[in-house]
Amino acid sequence: MCDLSYDFYDETCPSIFDVVRTEMLSARANDLRIPASLLRLHFHDCFVLGCDGSVLLDDTINFTGEKNAVPNKNSARGFGVIDKIKYVLENKCPSTVSCADILALAARDAVVLSYGPRWRVLLGRRDGRRASFAEANDLPSPLDSIENITYKFRLKGLDTNDVAALSGAHTIGLVQCRFFKERLYNFNNTGKPDPTLDPILVKELQIICGCPNYTFDSNLSPLDRGTPILFDNNYYTNVDTKRGILSSDHALLNDDTISSLVNKYSQNQDLFFNDFVVSMEKMGRIGVLLGQQGEIRTNCSRINYY
Ligand code: HEM
């Protein structure tokens, strides 16, 4: 009650683990990108008002959610999977499991289903009754400097080690051209590609994204073009060899501590997995609501009405 625990639902909803896993498996069978999308959704949840399910709330006439904030709009995905899991759990154990916990478990299973590490998830988060459009707009941006990124993480109680380890999530999933296109053609208004981007990768991405004046901006590239659906340490090899696609990926090399971890992780997958798990647990604790705080939503996309 006073803190998160591993056995929070052991008496009240023991099937939670099976339900989340089964639904994640079936969602992934239809869409290989789903694990990545849910891992990112948990990050976007925890960084805005804490891990309280606020990212899941829809806009209504008198409620402004986070889904239309710049980092989420036409970008955050996987909401339907959470709604489906919630629907199944409401039938088995009504008003018991929070949407914030579903998201934390789905993120863990996302990593496991992508052949990454497994860890036990601390549970007992409650759902928030508010959202913050402004905070969501302030999520780390792909154009942020490393100083800005580490600052934004520090505000959430996360340090440079966490920046290094959690960035490894970009070993799975896809990215739209609009988030990196200026690196391909007109870096810093030079009319040339970003010199810190591998020229071969520039060519590959130009084919995917189209010409500078064309607007195929929602075309997609894997974030890790080597092993796009495998949760492994290849992301760090990419960053080390100028193949980090986002400018914020490459920026990891501009901080000595982070850069040295990037190098270590690229050579030691076990070390990356261990540190990733530690940082995920830390992230999953940000600003959690406990005990009688908040509520247990019956529908993840809206607050309970009372
Ligand atoms: C360090 C600062 C970060 C920045 C600037 C950043 C930015 C982005 C951007 C721009 C995308 C592409 C979205 C799109 O094309 O629609 C993306 C995708 C993704 N991000 Fe991050 N991210 C950061 C950290 C994280 C963290 C901490 C995690 C998770 C722990 C994460 C997990 C992911 C995943 C898995 C995807 C792929 C999503 C999908 O395919 O649907 N990111 N990120």
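Residues numbered from 1 in each chain as written. Predicted model: local features only at pLDDT ≥ 70, side-chain atom pairs only at ≥ 80, totals over all residues. Heavy atoms only, no water.

A. Region of the structure containing the overall build of the protein. Looking only at helices and strands, the protein has 13 helices and two strands in total. Expected size for 306 residues packed as a compact globule is a radius of gyration near 19 Å; at 19 Å, the protein falls within 12% of this value. When the 306 residues of the protein are sorted by exposure, 55% land in the buried category. For the protein, restricting intrachain contacts to residue pairs at least 6 apart in sequence, the fraction spanning at least 24 positions comes to 75%. Of the roughly 13900 Å² that the protein leaves accessible, carbon and sulfur atoms contribute 52%. Computing the positive centroid from 33 side-chain charges and the negative centroid from 38, the protein places the two 4 Å apart. (Helix = DSSP H or I, 4+ residues; strand = E, 2+ residues; numbered from the N terminus. Rg over C-alpha atoms; globule rule 2.2 N^0.38 Å. Buried < 20%, exposed > 50% of the residue type's maximum accessible area, 1.4 Å probe, protein only. Contact = heavy atoms within 4.5 Å. Areas by Shrake-Rupley, 256 points an atom, 1.4 Å probe, with all protein chains shown as cover. Lys, Arg positive; Asp, Glu negative; His and termini not counted. Charge placed at Lys NZ, Arg CZ, Asp CG, Glu CD.)

B. Just the site of the ligand, in detail. Close to the ligand lie 24 residues, the nearest being Arg33, Ser37, Ser75, His170 and Gln176. Here an oxygen atom of the ligand and a side-chain polar atom of Arg33 are 2.8 Å apart. With respect to the ligand, the side chain of Ser37 contributes an N or O atom lying 2.7 Å from an oxygen atom. Breaking the shell around the ligand down by element, the ones donating at least two residues are helix 2 (34–46), helix 6 (146–155) and strand 1 (174–176). Here the residues of the shell around the ligand sort into 14 nonpolar, seven polar and three charged. The residues that make up the shell around the ligand include at least three from each of domain 1 (16–139) and domain 2 (146–281). (Near = heavy atom within 4 Å. Polar contact = N/O pair within 3.5 Å; in protein donor to acceptor, adjacent residues only side chain to side chain. Nonpolar A, V, L, I, M, F, W, Y, C, P; charged D, E, K, R; others polar. Domains from an automatic or database assignment.)

C. Expanded view of the pattern of salt bridges. In the structure shown here, the tally under the stated rule is 18 salt bridges. A salt bridge links Asp162 to Lys282, with the nearest nitrogen and oxygen atoms 2.7 Å apart. With a gap of 120 residues between them, Asp162 in helix 7 (residues 160–167) and Lys282 in helix 13 (residues 269–283) connect regions that are remote in the sequence. What makes Lys282 partly exposed here is its relative accessible area of 31%. (Salt bridge = Lys/Arg side-chain N within 4 Å of Asp/Glu carboxyl O.)

D. Spatial organisation of the domain arrangement of the protein. Its domain assignment divides the protein into domain 1 (16–139) and domain 2 (146–281). Facing the 24 residues of domain 1 at the interface are 20 residues of domain 2. Counting the surface lost from both domain 1 and domain 2, the interface buries some 1800 Å², and carbon and sulfur atoms represent 70% of this. The three residues of domain 1 that bury the most area against domain 2 are Arg33, Phe47 and Trp119, which together make up 30% of that side's buried surface. Linking domain 1 to domain 2 there are two salt bridges. For Lys156, the salt bridge is made with Glu135, and the minimal N-O distance between the two is 3.3 Å. Mapped onto the side of domain 1 that touches domain 2, the elements with two or more residues apiece are helix 2 and helix 4 (99–113). (Buried area = accessible area lost by both parts, 1.4 Å probe.)

E. Just the environment of Gln293, in detail. Looking at where Gln293 falls in the secondary structure, it is placed in the segment after helix 13. Each C-alpha atom, one on Gln293 and one on Arg129, is 9.6 Å from the other, the two residues being 164 residues apart in sequence. If we ignore the near neighbours within four places in the chain, the residues touching Gln293 are Arg126 and Val288.

F. Main features of the coordination of the iron atom of the ligand. A lone protein donor contacts the iron atom of the ligand, and this donor is His170 (NE2), found at 2.1 Å. Position of His170 among the secondary structure elements: in the loop between helix 7 and strand 1. (Donors = N, O, S within 2.8 Å, 3.2 Å for Na, K, Ca; no water.)

G. Spotlight on the environment of Ser301. Locating Ser301 in the fold gives a position in the segment after helix 13. Taking relative accessible area as the criterion, Ser301 reaches 9% and is therefore assigned buried. What Ser301 contacts, discounting residues up to four positions off in sequence, is Leu56, Leu57, Asp58, Lys67 and Asp83. A distance of 2.8 Å separates the side chain of Ser301 from the side chain of Asn299, its partner in a polar contact.

H. Structural detail: the state of the cysteines. Applying the stated criterion to the full structure yields four disulfides. Sulfur-sulfur distance for the disulfide between Cys46 and Cys51 comes to 2.2 Å. Judged by the sign of its S-S torsion, about 115°, the bond between Cys46 and Cys51 is right-handed. Both residues of the pair, Cys46 and Cys51, count as buried. Two residues share a disulfide in this structure: Cys99 and Cys300, whose sulfurs sit 2.1 Å from each other. On the sign convention where negative means left-handed, the S-S torsion of about -95° between Cys99 and Cys300 marks this disulfide as left-handed. Of this pair, Cys99 sits in helix 4 while Cys300 sits in the segment after helix 13, and the two are 201 residues apart along the sequence. Judged on exposure class, the residue Cys99 and its partner Cys300 are both buried. Cysteine Cys2 is unpaired, with the sulfur of Cys51 as its nearest cysteine sulfur at 19 Å. Counting only cysteine sulfurs, Cys209 is the nearest neighbor of Cys211, a cysteine outside any disulfide, at a range of 11 Å. (Disulfide = S-S within 2.5 Å.)

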